[in-house]
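Listed below, chain by chain, are the residues.
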Amino acid sequence: MRLFLTAALAALATAPALADEIRIAHIYDRTGALEAYAAQSQTGLMMGLEYATDGTMEIDGNQLVVIEKDSQLRPDLGRALLAEAFGDDDAAIAVGPTSSGVALAMLPVAEEYERILLVEPAVADSITGSGWNRYIFRTGRNSSQDAISNALALGQEGVVVATLAQDYAFGRDGIAAFREALADTPATLVHEEYVPTDTTDFTAAAERIFNALQEHEGDRRLFVIWAGGGNPMGRIQAMDPSRFGIQMATGGNILPALVGYRDYPGMEGATYYYYEIPQNPVNDWLVEQHMERFGTPPDFFTAGGMAAGIAVVEALRATGGSTDTEELIAAMEGMHFETPKGEMWFRPEDHQAMQSMYHFRIRVEDDVEWAIPDLVREITPDEMTIPIRNNG
């Protein structure tokens, strides 16, 4: 039976590096607005390493040691911690972070030290786009994958859409990708609204959105992209957009956020993961073990963390345990690996993991505390033309 070795790894992380030891730095926003995402990512990473090594936490006799660092949603700190991990801790590979802003600050450090940064779960397109370098890989989905899948779910004839997002890299990149994807559907985007990440009063923004949508006939949808706390959907729903024929729409989210989705039965969108959707042995193991250990199903970012852990092991296994960066890059470019979502592979051009997304429709059951995103259909990678944005 596979063992969960977090405590053992924590002890090993304080020991001096040995010749048969492979150090993996996990730099994530353990404190701050994204801490729920970060905690899931860490649990998933450890379970992925465990699963892929069959509980041994070893690859060809090399012990895997995970070093945890809290970037606290601060780009300057994330940059410094990655330099510390590579320079002082001799980490061969780093995983993380949670925030797109922190990730963008970390990218040049990977290039400076010529070591792999496996980005999970930060989403902004620019991570594998304008900010990318050859040492960056990503198992997490990017903004285009989110946007294109949601555009395919929402982009029907007669639909008119307004958007609301946070005014930083995640929100701006997400809407830019959504706009581009929706242009290839019969739907029409009529208004974009951006607000500061700490906004609590959405009255003025909602009024601008309502006014813009009322100028157009059709099936009116307000599509919201939001990360972390303060999600505005409930506040906007309290303003009764239905009096203007406006329906809310958004992508998937973590289970605590899905509790709020109970107010939107029938709402459609696209999601990265929900534990009941994928049917494969990796997800079966994750769901079973997570329920056994924690009493809850695995969540959105648990699956992502597990995918990252599996990718690290598969890459190191392909090199025979070598941590030479050039050997790792050669192994990872085009590498296929099984995850809780099924097969992923790293696109050679920008090292973005190609993966399925899921068109859902919300269902509400009295005995389930969160809304259930029922699968409408799997949106496979071949249906999504994900732009290559790294300029070569």
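Cut-offs used in this document
- Residues numbered from 1 in each chain as written.
- Predicted model: local features only at pLDDT ≥ 70, side-chain atom pairs only at ≥ 80, totals over all residues.
- Heavy atoms only, no water.
- Core = buried A, V, L, I, M, F, W, Y, C linked by side-chain atoms within 4.5 Å.
- Buried < 20%, exposed > 50% of the residue type's maximum accessible area, 1.4 Å probe, protein only.
- Helix = DSSP H or I, 4+ residues; strand = E, 2+ residues; numbered from the N terminus.
- Contact = heavy atoms within 4.5 Å.
- Pairing = 2+ DSSP bridges.
- Axes fitted to C-alpha atoms, helices over the stretch in contact; angles between N-to-C directions.
- Salt bridge = Lys/Arg side-chain N within 4 Å of Asp/Glu carboxyl O.
- Polar contact = N/O pair within 3.5 Å; in protein donor to acceptor, adjacent residues only side chain to side chain.

S.K.: Just to check I follow, could you spell out the nonpolar core for this structure?
M.R.: Most often, soluble globular proteins have nonpolar side chains that are buried together. Of all hydrophobic cores here, the largest spans 127 residues; its most connected members are Leu49, Leu117, Leu222 and Phe346. Considering each element in turn, this core owes the most residues, twelve residues, to helix α11 (residues 300-318). The contact partners of Leu49, leaving out residues within four places of it in the chain, are Ile24, Met57, Leu64, Val66, Gly309, Val312 and Val313.

S.K.: Mind showing me how you'd approach the environment of Arg115 here?
M.R.: Here Arg115 lies in the loop between α4 (100-113) and β5 (116-119). Taking C-alpha positions, Arg115 is 43 Å from Asp201, a pair spaced 86 residues apart along the chain. Once you skip the residues sitting within four places of it in the chain, Arg115 turns out to touch Phe86, Asp90, Ala91, Ala92, Ala110, Tyr135 and Thr325.

S.K.: I keep staring at the sheet that holds strand β2 (residues 58-59) and nothing clicks. Help me out?
M.R.: In sheet architecture, strand pairing relies on hydrogen bonds along the backbone and comes in two forms, parallel and antiparallel. Pairing is mixed across the open sheet formed by six strands, whose spatial order is β2-β3-β1-β4-β5-β6. The open sheet has two free edges, formed respectively by β2 and β6 (136-138), since each of these has just one partner strand. Against the sheet, helix α2 (residues 35-52) touches β1 (21-28), β3 (62-70) and β4 (93-95), its axis set at about 160 degrees to β1. Where α4 meets the sheet, it contacts β1, β5 and β6, and its direction lies at approximately 155 degrees from that of β5.

S.K.: Any chance you could explain the pattern of salt bridges here in plain terms?
M.R.: Side-chain pairs of opposite charge can arise where the charged atoms are in close proximity. Tallied over the entire structure, the rule returns 21 salt bridges. One salt bridge connects Arg293 with Glu50, and the closest N-O pair in it is separated by 2.8 Å. Here Glu50 lies in helix α2 and Arg293 lies in helix α10 (residues 281-294), a separation of 243 residues in the sequence. Taking the shortest distance from any N to any O, the salt bridge between Arg74 and Asp76 comes out at 3.3 Å. With a relative accessible area of 38%, Arg74 lands in the partly exposed category. Owing to a relative accessible area of 48%, Asp76 belongs among the partly exposed residues under this scheme. Through salt bridges with shared partners, one network takes in Lys69, Glu84 and Asp89.

S.K.: What's the story with the side chain of Lys69 in this structure? I'm lost.
M.R.: Counting through the fold element by element, Lys69 comes out in strand β3. Since its relative accessible area comes to 8%, Lys69 is described here as buried. A polar atom in the side chain of Lys69 sits 2.5 Å from the side chain of Glu84. In contact with Lys69, not counting residues within four places along its chain, are His26, Ile27, Tyr28, Leu81, Glu84, Ala85 and Asp89.

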